[in-house]
Amino acid sequence: MSSSESESNLPSAEECQQRSQEFAQITGTDTALAMFYLQDRDWELQRALNSFFEELGSQPGGLGMSTDKTAELEPSEQSLGKASAAVPDPEPHRIRLISWNIDGLDEKSIINRTKAVCKIITKEKPDVVFLQEVIPPTLELIETKCPAYTCLQASDEDYFTCILIKNSSVKYTDHKVSPFPSSVMMRTLQTVSATVKGVPMSLMTSHLESTKDHGDERKRQLLTAFKEMSGCGPDRTVVFGGDLNLRDKEVTACPGDVFDLWSR
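Now for a description of the structure that goes with this document. (Residues numbered from 1 in each chain as written. Predicted model: local features only at pLDDT ≥ 70, side-chain atom pairs only at ≥ 80, totals over all residues. Heavy atoms only, no water.)

### With respect to the overall build of the protein chain
A count of helical and extended segments in the protein chain gives 8 helices and 8 strands. When the 264 residues of the protein chain are sorted by exposure, 43% land in the buried category. A separation of at least 24 residues holds for 63% of the contacts in the protein chain among residues at least 6 apart in sequence. If you sum the accessible surface of the protein chain, you get close to 14300 Å²; carbon and sulfur atoms cover 51% of it. (Helix = DSSP H or I, 4+ residues; strand = E, 2+ residues; numbered from the N terminus. Buried < 20%, exposed > 50% of the residue type's maximum accessible area, 1.4 Å probe, protein only. Contact = heavy atoms within 4.5 Å. Areas by Shrake-Rupley, 256 points an atom, 1.4 Å probe, with all protein chains shown as cover.)

Okay, structure coming up:
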């Protein structure tokens, strides 16, 4: 079947959204995670649900709030941290990155949702992960469930960003957190200087000011991020991503040396 034929068989955007919401409701997760499972299974809801519960090792109806934040690692997770360095890199010229707001401020099924996030990370094996809305209990769980990664957090109170770097492919030399001075939501710019598969890089993430009413502050924070990017020097590749909360009208163009990867 050609790609055009495959795409023509996909459900409409409205139907995809409905299936994502149904998946999220049944599993007690969110629509972002739903899309990960549905997209890989041609948007077939039952297949996606079956895969989710098989990987989680549970059945529908068993996803209530859990207080087990330090559960025993599964065998695959126990071996991952020890064996990853010995496994040849199947993509030596490709750098994989995930950015995800994991919605730590919503207490509904927070532990199980975070476990599902960790499942995605260990399955996809990205070199770098940008996380937003991490809270102390989910940070502890992420560190336990993702032993192949070093977790660098912007704070250890309230909610914050984290950058996960894969131990086998990323070596970091510096980590800094720069608070936005006029933020009323404790927002920061987090930067990790590292070598990723031999490439010198600056990895930057942020959760810019939220809501329509704080658009001016959000734009100031974005300009600060652009300035930091330009100041990293010509010998480094800089990647900035996260939950930027931007409206289309708030940014009309990037600086000349910055490229929007979504539009390329």
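The structure having been displayed, the exposition proceeds.
### So, the pattern of salt bridges
In total, this model carries 13 salt bridges according to the counting rule given. A salt bridge links K123 to D40; the shortest N-O distance between them is 4.0 Å. Of the two residues, K123 is situated in helix α6 (residues 110-124) and D40 in the loop between α3 (31-39) and α4 (45-56); the sequence distance between them amounts to 83 residues. Given a relative accessible area of 37%, K123 falls into the partly exposed group. On the basis of relative accessible area, D40 is assigned to the partly exposed category, the value being 47%. When the shortest N-O distance is used, the salt bridge between R47 and D42 registers 3.8 Å. (Salt bridge = Lys/Arg side-chain N within 4 Å of Asp/Glu carboxyl O.)

### Considering the nonpolar core
F23, L131 and L164 are the most contacted members of the largest nonpolar core, which totals 34 residues. The element best represented in this core is α4, accounting for 6 residues. Each residue touching L131, except ones within four places of it in the same chain, is listed here: W100, I102, I142, F160, T161, C162 and L164. Judged by nonpolar contacts, the second largest core, of 13 residues, contains L222, C232, F240 and V258. (Core = buried A, V, L, I, M, F, W, Y, C linked by side-chain atoms within 4.5 Å.)

### As for the pairing of strand β3 (residues 149-153)
Consecutive side chains along a regular strand alternate between the two faces of the sheet. Pairing of β3 with strand β4 (residues 160-166), which is carried by 5 bridges, proceeds in the antiparallel orientation. Looking at β4, one finds that T150 is bridged to I165. The turn linking β3 back onto β4 is made up of 6 residues, and D158 within it adopts a positive phi angle of 55°. (Pairing = 2+ DSSP bridges.)

### Overview of empty space enclosed by the protein
Counting across every chain of the model gives 2 cavities of 30 Å³ or more. Each pocket or cavity is described by its volume, and for the largest cavity that value is around 50 Å³. T29, D30, L33, W100, I102, R113, T114 and V117 together form the lining of the largest cavity. Broken down by element, the residue count for the lining of the largest cavity peaks at 3 residues, all from α6. A per-class count over the lining of the largest cavity returns 4 nonpolar, 2 polar and 2 charged. Its boundaries defined by the atoms lining it, the second largest cavity holds a volume of some 30 Å³. When residues of the lining of the second largest cavity are traced back to their parent elements, those giving at least two are α3 and α6. With 3 residues, the single largest contributor to the lining of the second largest cavity is α6. Among the residues making up the lining of the second largest cavity, the classes are represented as 3 nonpolar, no polar and 5 charged. (1 Å grid on protein atoms, 1.4 Å probe; cavity = no way out; pocket = protein on both sides within 12 Å on 5 of 7 lines; lining within 4 Å. Points joined across faces, edges and corners; volume = space filled by probe spheres on them. Nonpolar A, V, L, I, M, F, W, Y, C, P; charged D, E, K, R; others polar.)

### Things to note about the sheet that holds β3
Here 4 strands make up an open sheet; going across it, the order is β1-β2-β4-β3 and the pairing mixed. Looking along the sheet, the strands with just one partner apiece sit at the ends: β1 (97-101) and β3. Averaged over all pairs of adjacent strands, the angle between their axes in this sheet comes to 15°, without regard to strand direction. Where α6 meets the sheet, its contacts fall on β1, β2 (128-134), β3 and β4, and the angle it forms with β1 comes to roughly 175°. (Axes fitted to C-alpha atoms, helices over the stretch in contact; angles between N-to-C directions.)

### Some words on unusual backbone geometry
You will see that D42, though not glycine, has its phi angle at about 55°, which is positive. Structurally, D42 is set in the loop between α3 and α4. Since its relative accessible area comes to 44%, D42 is described here as partly exposed. Positive phi outside glycine occurs at E133, with the angle close to 60°. If you trace the backbone, E133 turns up in strand β2.

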